[in-house]
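# Structure assessment
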Amino acid sequence: MFKKDVYIDRRKRLVSKMSGGIALFPGHTDSPMNYISNIFHFRQNSSFLYYFGLDFPDIAAAIDLDSGESIVFGNDVTMDDIIWMGPQPSMRERCAEVGVTDSRPYNDLFDYVKKAQDSGRKIHFLPQYRGETKILMSSLLGMKAIDVNEHQSVELIKAVVAMRNIKDEYEVEELIKAAATGYEMHVAAMKMAMPGVWEQKIAGTVEGIALAGGGMLSFPIILSQDGQTLHNHDHSQTLKEGRMMLTDTGCESSMHYASDNTRTVPVGGKFNQRQRDIYNIVLAANNNATAMAKPGIPYFDCHIEAARTLAAGLKDLGIMKGDPEEAARIGAYALFQPHGLGHMMGLDVHDMEDLGENYVGYDEETKRSEIFGLSGLRLGRKLEPGFVFTNEPGCYFIPELIDKWESEKKFPDFINYDKAREYLDFGGIRLEDDLLVTDKGVEIIGERIPITVEEVEETMNS
Ligand code: GLY
Ligand code: MN
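Notes on the structure follow. (Residues numbered from 1 in each chain as written. Chains lettered and ligands numbered in written order. Predicted model: local features only at pLDDT ≥ 70, side-chain atom pairs only at ≥ 80, totals over all residues. Heavy atoms only, no water.)

## What about the overall build of the chain?
Per the secondary structure count, the chain includes 16 helices and 15 strands. Radius of gyration (C-alpha) of the chain: 24 Å, near the 23 Å computed for a compact globule of 462 residues. Expressed as a percentage of its 462 residues, the buried residues of the chain come to 54%. Of the contacts made within the chain by residues no fewer than 6 positions apart, 73% connect residues no fewer than 24 positions apart. Treating the 48 positive side-chain charges of the chain as one cloud and the 71 negative ones as another, the clouds have centres 2 Å apart. (Helix = DSSP H or I, 4+ residues; strand = E, 2+ residues; numbered from the N terminus. Rg over C-alpha atoms; globule rule 2.2 N^0.38 Å. Buried < 20%, exposed > 50% of the residue type's maximum accessible area, 1.4 Å probe, protein only. Contact = heavy atoms within 4.5 Å. Lys, Arg positive; Asp, Glu negative; His and termini not counted. Charge placed at Lys NZ, Arg CZ, Asp CG, Glu CD.)

See below:
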């Protein structure tokens, strides 16, 4: 965990942004896999980690937004716990490490909330996404579990987003640690991408590297020679010569800061001409978006620049036609990249998606587009120093989508469907880097994973 002053300062700044009342932060409980004592690996709620740093289950916290005081509710371990889990520090000791002096037994939470409600104080809480937490909030607040999120506090969401969107130097250090492990994961995957290798063998090896790095995966691995399926978690195929393997994977540092990178490599380690052509278009889209990104530039504009680059490259190959800039603005390119250029990243791989994508990636000035493809962009707002986000353009040949658009006669002035059909067996390419906005521009977090055709071939054959 960070030094206690980091957490004290974060809570103080949160109080200064709020108008009063109580901010309630329920932590996570353990989640059983198949019976109560056989559990999934514990993952704490990210906003709880941000303000309280305590990375263990069955605790909750409150900040009195009028007095500024923080309380953590949780129980000391019993002798039974010590027998099975070994000795643990007391709640008082654990809370002291994050600058909280008021620690109370867990059940006191119920009385605390009731008293606050009875005296007419506003209870602010963030949207909840786990059943167990919704049930807890339901019994604390006296409402049905399915209604809990109707009472989420937009004031608290906005205050938390404003803080978590700007990464401080300690957070950047953690992100760099995650990037270093992410680098190892990707290089290992590249070296294994040979004909006859089972995708699952590579996925398992990559996950092992994440675990050995001291954290866990930041999301389930996407790894497949069918890269045209954007989130392909099926790793059941055996790699074949002539295909490309797309690997979209990242890890968490031991303090839960994420990495998220994608590389796509030719099975066997040598690009053929067709692969090289499409690959270099996606690489140019990635590089052009990075070159444009800096404080004050809306990330929406970087998305348009990547889409324009994609449309221009596909036009050179005869797959698209017309004006690439217009193809980008009206969404004609989205047949080949039906997703956004990137998303915020931090304690969550899609940072704060639980709080609402539009609060995180958009604002009063920049509203989300409703055009297919552009509407999938999770981050559109003007970039600010301290933002951390992904740059992940792609090019995919999705047979079902090509059939649909052709039958609907969509964008006939921009798409050469006959030519696109020649690529139905191609798959997909995505190239994803993680960027930090500095005062002047952006920098890639950590060392850039091999990405040019030459770097990839050299890595795969070394
Ligand atoms: N890396 C997976 C995603 O960004 O959705
Ligand atoms: Mn991503």
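## Thoughts on the site of ligand 1
The environment of ligand 1 is made up of Phe 219, His 231, Asp 248, Asp 260, His 343, His 350, Glu 392 and Glu 432. A distance of 2.8 Å separates an oxygen atom of ligand 1 from a polar side-chain atom of His 231. At a separation of 2.8 Å, a nitrogen atom of ligand 1 approaches a polar side-chain atom of Asp 260. Its residues assigned to classes, the shell around ligand 1 comprises 1 nonpolar, 3 polar and 4 charged. (Near = heavy atom within 4 Å. Polar contact = N/O pair within 3.5 Å; in protein donor to acceptor, adjacent residues only side chain to side chain. Nonpolar A, V, L, I, M, F, W, Y, C, P; charged D, E, K, R; others polar.)

## Points about helix 11 (residues 299–316)
In this model, helix 11 (18 residues) spans 26 Å end to end at C-alpha, consistent with the 26 Å of a helix rising 1.5 Å per residue. For helix 11, the set of buried residues is Tyr 299, Cys 302, His 303, Ile 304, Glu 305, Ala 306, Ala 307, Thr 309, Leu 310, Ala 311, Gly 313 and Leu 314. The secondary structure elements touched by the buried residues of helix 11 are helix 10 (273–292), helix 12 (324–330), strand 11 (388–391) and strand 12 (394–396). (Expected span 1.5 Å × (residues − 1).)

## Side note on the pairing of strand 10 (residues 261–266)
Of all 6 residues making up strand 10, 6 are buried, and the element is well covered by its neighbours. Because side chains alternate across strand 10, one face comprises the buried residues Asn 261, Arg 263 and Val 265, and the other comprises Thr 262, Thr 264 and Pro 266, equally buried. Pairing between strand 9 (residues 244–249) and strand 10: 6 bridges, direction antiparallel. Bridge pairing in strand 10 links Leu 246 to Thr 264. (Pairing = 2+ DSSP bridges.)

## Observations concerning the coordination of the manganese ion (ligand 2)
Within the first shell, the manganese ion (ligand 2) binds the protein through Asp 260 (OD), His 343 (NE2), Glu 392 (OE) and Glu 432 (OE), at distances of 2.1 to 2.3 Å. Residue classification places Glu 432 among the buried positions, given a relative accessible area of 0%. (Donors = N, O, S within 2.8 Å, 3.2 Å for Na, K, Ca; no water.)

## Re the sheet that holds strand 7 (residues 123–124)
Spatial ordering of the open sheet is given by 6-5-4-1-7, a layout of 5 strands whose pairing is mixed. The open sheet is flanked by strand 6 (102–104) and strand 7, the only strands paired with a single partner. Where strand 5 (residues 70–73) and strand 6 come together, 3 bridges link them in parallel fashion. Paired with Ile 71 across the strands is Asp 102, a residue of strand 6.

## A word on the packing of aromatic side chains
To describe a pair of aromatic rings, one takes the distance between the centres and the angle between the planes. If you walk through the whole model with that rule in mind, you get 17 aromatic pairs. Both rings, one in Phe 73 and one in Tyr 112, keep their centres 5.5 Å apart while their planes meet at 55 degrees; by these two values the pair is tilted. Within this pair, whereas Phe 73 is found in strand 5, its partner Tyr 112 is found in helix 5 (residues 108–118), the two being separated by 39 residues in sequence. No difference in accessibility class separates Phe 73 from Tyr 112, as the two residues are buried. The ring of Tyr 50 carries the charged tip of Arg 10 above its face, separated from the ring centre by 3.9 Å. Note that Lys 410 overlies the ring of Trp 405, its terminal NZ or CZ placed 4.4 Å from the centroid. (Phe/Tyr/Trp six-rings, centres within 6.5 Å; stacked < 30°, edge-to-face > 60°. Lys NZ or Arg CZ within 6 Å of the ring centre and 35° of its normal.)

## Let's talk about the side chain of Ser 138
Following the sequence through the fold, Ser 138 ends up in helix 6 (residues 131–141). Take Ser 138: its relative accessible area is 16%, and that puts it in the buried class. In this structure the side chain of Ser 138 is engaged in a polar contact, spanning 2.8 Å, whose partner is the backbone oxygen of Met 143. The contacts of Ser 138, once residues within four sequence positions are left out, are Met 143, Lys 144, Ala 145 and Val 148.

## Some details on a nonpolar patch on the surface
On the surface, Met 79, Ile 82, Ile 83, Trp 84 and Met 85 cluster together into a nonpolar patch covering about 630 Å² of accessible area. Relative to the assigned elements, Ile 83 resides in helix 3 (residues 79–85). Ile 83 gets classed as exposed once you look at its relative accessible area, which sits at 60%. (Patch = residues over 30% accessible without salt bridge, like charges linked within 9 Å, V, L, I, M, F, W, Y side chains within 5 Å. Areas by Shrake-Rupley, 256 points an atom, 1.4 Å probe, with all protein chains shown as cover. Salt bridge = Lys/Arg side-chain N within 4 Å of Asp/Glu carboxyl O.)

## Quick word on the environment of Asn 288
Here Asn 288 shows up in helix 10. Owing to a relative accessible area of 27%, Asn 288 belongs among the partly exposed residues under this scheme. Sequence spacing of Asn 288 and Phe 271 is 17 residues, and the spatial spacing of their C-alpha atoms is 22 Å. Polar side-chain contacts of Asn 288 include one of 3.0 Å to the side chain of Thr 309.

## Things to note about the nonpolar core
Grouped together as the largest cluster of nonpolar side chains are 127 residues, with contacts concentrated most on Leu 14, Phe 25, Tyr 279, Phe 336 and Phe 389. Judged by nonpolar contacts, the second largest core, of 19 residues, contains Ala 62, Ile 71, Ala 116 and Val 148. (Core = buried A, V, L, I, M, F, W, Y, C linked by side-chain atoms within 4.5 Å.)

## Notes on the packing of helix 5 against helix 6
The interhelical angle for the contact between helix 5 and helix 6, taken along N-to-C directions, is 50 degrees, at an axis separation of 9 Å. Relative to helix 6, the element helix 5 lies oblique. Here helix 5 contributes Leu 109, Phe 110, Val 113 and Gln 117 to the contact with helix 6, which in turn contributes Leu 136, Ser 139, Leu 140 and Leu 141. For the contact of helix 5 with helix 6, the class distribution of residues is 6 nonpolar, 2 polar and no charged. (Axes fitted to C-alpha atoms, helices over the stretch in contact; angles between N-to-C directions. Parallel < 35°, antiparallel > 145°, perpendicular 65-115°, else oblique.)

## Quick look at the sheet that holds strand 11
Strand pairing in a sheet takes place through backbone hydrogen bonds and is either antiparallel or parallel in direction. If you trace the 3 strands from one edge of the open sheet to the other, you get 11-14-15, paired in antiparallel fashion. Strands with a single pairing partner mark the edges of an open sheet, and in this sheet they are strand 11 and strand 15 (442–444). For this sheet the average axis-to-axis angle between neighbouring strands, irrespective of direction, equals 35 degrees. With respect to the sheet, helix 10 is in contact with strand 11, strand 14 (433–437) and strand 15, its orientation differing from that of strand 11 by roughly 150 degrees.

## Observations concerning the environment of Leu 126
For Leu 126, the location among the structural elements is in the loop between strand 7 and helix 6. We classify Leu 126 as buried; its relative accessible area is 6%. Sequence separation of Leu 126 and Ala 178 is 52 residues, and the distance between their C-alpha atoms is 26 Å.

Distances and angles like these do not, on their own, reveal function.
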